[in-house]
Protein chains: 2
Amino acid sequence: MLDCAIIGGGPAGLTAGLYATRGGLKNVTMFEMGMPGGQITSSSEIENYPGFFEHGKTGMDFMDTWQEQCFHFGLKHEMKKVDRVSKIDNHFIITLESGEEVKAKTAIVCTGSTPRRAGLKGEDELFGRGVSTCATCDGFFYKNKPVAVLGGGDTALEEAHYLSNICSEVNLIHRRDSFRASPSTVERVKKIPNINLITNTVVEEILGDTMGVTGIKLKNIKTDEISELEVPGIFVFVGHNVNNDVLKNEDGSFICEVNEQGQVVVDLNMRTSVDGLFVAGDIRIDAPKQVVSAAGDGAVSALQVISYIQEQV
Amino acid sequence: MLDCAIIGGGPAGLTAGLYATRGGLKNVTMFEMGMPGGQITSSSEIENYPGFFEHGKTGMDFMDTWQEQCFHFGLKHEMKKVDRVSKIDNHFIITLESGEEVKAKTAIVCTGSTPRRAGLKGEDELFGRGVSTCATCDGFFYKNKPVAVLGGGDTALEEAHYLSNICSEVNLIHRRDSFRASPSTVERVKKIPNINLITNTVVEEILGDTMGVTGIKLKNIKTDEISELEVPGIFVFVGHNVNNDVLKNEDGSFICEVNEQGQVVVDLNMRTSVDGLFVAGDIRIDAPKQVVSAAGDGAVSALQVISYIQEQV
C-alpha cells in the first residue's frame, strides 16, 4: 500500500513528491507517462518564477533543475498512465491503463489542464515561439509591441485587457460580430484605446520564419477579403480542457465535487470533498495557472497528506 | 496615487511585486524597512524550494537571486515602516511611521508572522544552526538523528509527530505534567515509540560550539535535578505572533475579517473581506509557512489586483 499516490508530474506533482518524501513518507509514487515537467517545458523562456532569472533559458532547462531535487528524497516515478482513482473503504485504488491496480492511503491529483489550440495552420509549429495561450506568462515578452488575440469569450477579453497594459496594440480577432463574454466586460474592453476589435474575421494562417511568428493572415467571413497583420505574437484563447478524467466513475460522474467547468472544488488546504483525496495545480478552481502557484499547491497538499496519515493512526 | 502598495518584502511581497509590475502596473511600491527577503534569510540552508538545490547555500544566498528579478520590471522599494493601512472612499491610505500618508488604489499586505522565541540562554546565538522554529523546513537535516522539541501545545505535538517520521528520536520537553494540546493529539503522540515525553522539565540552556547545537541542559522543576541531553537540533514551538498591526484601526479593531489567532481570512484568490485589499503569505489563515507557498500567494494576489483595477475602469 502506497502512503501517497501522486497523479501527474508537472510543477504541482513534483513539489508534492518533494514535500511528501522529505516529510518522512516512505512509499510515495508519482505516476507520469512522460518526462516530468508539465506544460512549462514547452515554453521558450521563463522569467516569472521567483529565483530563476537567466536570460535565454527555456522551460525545459528550467524544469531540469527540479528533477534531482524532487527525486532526491525517495520519490518514485512510474511511467504509467492512470485511468481512474477510486476510494474503497478507507483507501484509494489507482487503476492503471494496463488494468493493474495500486492501493494507496492518500492521493494527490495534479493532472492540470490543457489549453485548447485553434487548429490553425502554423499554430503547432510556432507554439512557444510567438504563439501563446497565457498572457500572464508571455505578455511581457511583447512589451510595447503589437499583438493579436484570438477568441470571443470572457477569458479572451480579460486577457486582451491585461495585454493592453503592456503591449502597444492588441488586435482582438473574433469570428462573430458579437461576443460571448459578459456585456460589462465587452463594454469595458471597447473603451480601451489600444484594443482593436476585428470582428467577423478568422485567422487563416499564422505566418512565421525560423525566429518565430511574423504575422497572421486574416479573412473577413462577410466579405471574403484577405488581409495580413504584422505581429510578433498571437495569444489563442479558445478554452481549456480540465484533465479530470481520472476522477470520473465508470458512469461518467465525478468521485468528488467539481464546478461547471469540471475544475475540482478545494479549500485553502487543497482538500477535496473526499477525505484523503487532494488536488494541486491547474485542475482546481481559481487556479492562476502559474508554475509558482502550482508548486505552492503541491507543497500544501503533501503537508496535508502527512497530517491526514498521522491522524489515521 | 499608487496602483498597488505592497506592505512587507519577504517571498510573498517580492513575488507580488514581480507579478504586478510584469503585468503592466506602472506605480507599485513595496514598503519594507530592511533588506527584502523575509524570515528565510536567517536560514542556514534551504533545500525545499523547487528549482533551488545547491548544497551549502544559505537563505541569504537564496533570496539574493530574487532581488534582480523582482525589481527588474519596475517595482519600487521604500525603506519605510508602515503604521497603518486604511480604506477611505474607494482607495487606501498607507500611513507611514513618519506620519506621511500615501494613497493607493489597492493594497497587498505580506507582513508575515514571527515565531516566538523561548528566551533561552544560547537560543539567539544558535538560531539557524541547530535551533529551529519549523519542522517542515529543517526536520530533514536531522534524518536518523535525535532531536528535542520544546512546547506543549497542538503545534508542538503535531510537529513532534512529523519529526518522528524522520528523526531517530524526538524528546519533547514540557514544563507541566499535562499538555495544552487536544486530548486526541496527546493520545496519538503518546503511542509513538520514538517520542519521549519529558514533562515537568524546562530547558536551562542550549549548548553549542562554533559548528552549532551540541545539546541542551534540562532541569526537572519538581526535583530540581539537572541533566544534559546530547542532540544536534532543538525545535522551539512556543507560538507565533501574526504581524497584523498594520491592519488595525486606531481603536484596535481590525479593518478586515481575521480569525481567533489574528490570521487574515482569505479565499483562494487571497481576497480579504475588504474590496481591493489582499494579503499573501504567513499572515493568512491556513498558511503552510513555506517560501514556495508564500510566493504562490504573492503571484495570485497581484493577478487579482490587476483584475480589480481593470474592473474599476
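Everything that follows concerns the structure shown earlier in this document.
**Q** Run through the pattern of salt bridges, naming residues and quoting values.
**A** All names here are of chain A. One pass over the structure, following the stated rule, counts 29 salt bridges over all chains. Across the pair Lys80 and Glu78 runs a salt bridge, and its minimum N-O distance is 3.4 Å. Residues joined by salt bridges that share partners form a network here, namely Glu78, Lys80 and Glu100.

**Q** Mind laying out the nonpolar core, listing which residues take part and the relevant values?
**A** Counting residues in each nonpolar core, the largest one holds 116 residues, and the members touching the most others are Tyr49 of chain A together with Tyr49 of chain B. Look past the residues within four positions of Tyr49 of chain B in its chain and what remains in contact with it is Tyr49, Pro50, Gln69 and Val292 of chain A together with Phe62, Trp66, Val291 and Val292 of chain B. Counting residues in hydrophobic clusters, the runner-up holds 56 residues, among them Val274 of chain A together with Ala5, Phe31 and Leu96 of chain B.

**Q** Quick one: what's the story with empty space enclosed by the protein, residue by residue and with numbers?
**A** All told, the structure shown has one cavity of 30 Å³ or more when counted by the stated rule. When its volume is computed, the largest cavity comes out at roughly 140 Å³. Elements with a minimum of two residues in the lining of the largest cavity: α6 (291-312) of chain A together with α6 (291-312) of chain B. Classifying every residue of the lining of the largest cavity by side-chain character gives six nonpolar, four polar and four charged.

**Q** For the sheet that holds strand β15 (residues 234-236) of chain A, give the residues involved together with the corresponding values.
**A** Residues and elements named next belong to chain A. The five strands are arranged β8-β15-β9-β10-β11 in an open sheet whose pairing can be described as parallel. Of all strands in the sheet, those bounded by a partner on one side alone are β8 (131-132) and β11 (195-198). Sheet topology places strand β10 (residues 169-173) next to β11; four bridges connect them, and they run parallel. The partner of Val170 across the bridge, within β11, is Ile195. Packing against the sheet, helix α4 (residues 154-164) makes contact with β9 (146-150), β10, β11 and β15, and its axis sits at approximately 165° to β10.

**Q** Summarise the relation of the copies chain B and chain A; cite the residues concerned and give the values.
**A** The operation relating the two chain copies consists of a rotation about an axis and a shift along that axis. Once turned by 180° and shifted 0.0 Å along the axis, chain B lies on chain A with an RMSD of 0.0 Å. Taken together, the rotation and translation describe the operation of a two-fold axis. Residues of chain B ranked by C-alpha distance from the rotation axis are headed by Gly296 of chain B, positioned 2.7 Å from it. Of all interface residues in chain B, 100% are interface residues in chain A too; the two copies therefore contact each other through one and the same surface.

Here is what the cut-offs are and how they apply
- Residues numbered from 1 in each chain as written.
- Chains lettered and ligands numbered in written order.
- Predicted model: local features only at pLDDT ≥ 70, side-chain atom pairs only at ≥ 80, totals over all residues.
- Heavy atoms only, no water.
- Salt bridge = Lys/Arg side-chain N within 4 Å of Asp/Glu carboxyl O.
- Core = buried A, V, L, I, M, F, W, Y, C linked by side-chain atoms within 4.5 Å.
- Buried < 20%, exposed > 50% of the residue type's maximum accessible area, 1.4 Å probe, protein only.
- Contact = heavy atoms within 4.5 Å.
- 1 Å grid on protein atoms, 1.4 Å probe; cavity = no way out; pocket = protein on both sides within 12 Å on 5 of 7 lines; lining within 4 Å.
- Points joined across faces, edges and corners; volume = space filled by probe spheres on them.
- Helix = DSSP H or I, 4+ residues; strand = E, 2+ residues; numbered from the N terminus.
- Nonpolar A, V, L, I, M, F, W, Y, C, P; charged D, E, K, R; others polar.
- Pairing = 2+ DSSP bridges.
- Axes fitted to C-alpha atoms, helices over the stretch in contact; angles between N-to-C directions.
- Least-squares fit on C-alpha atoms with pLDDT ≥ 70 in both.

Geometry only, nothing functional implied.
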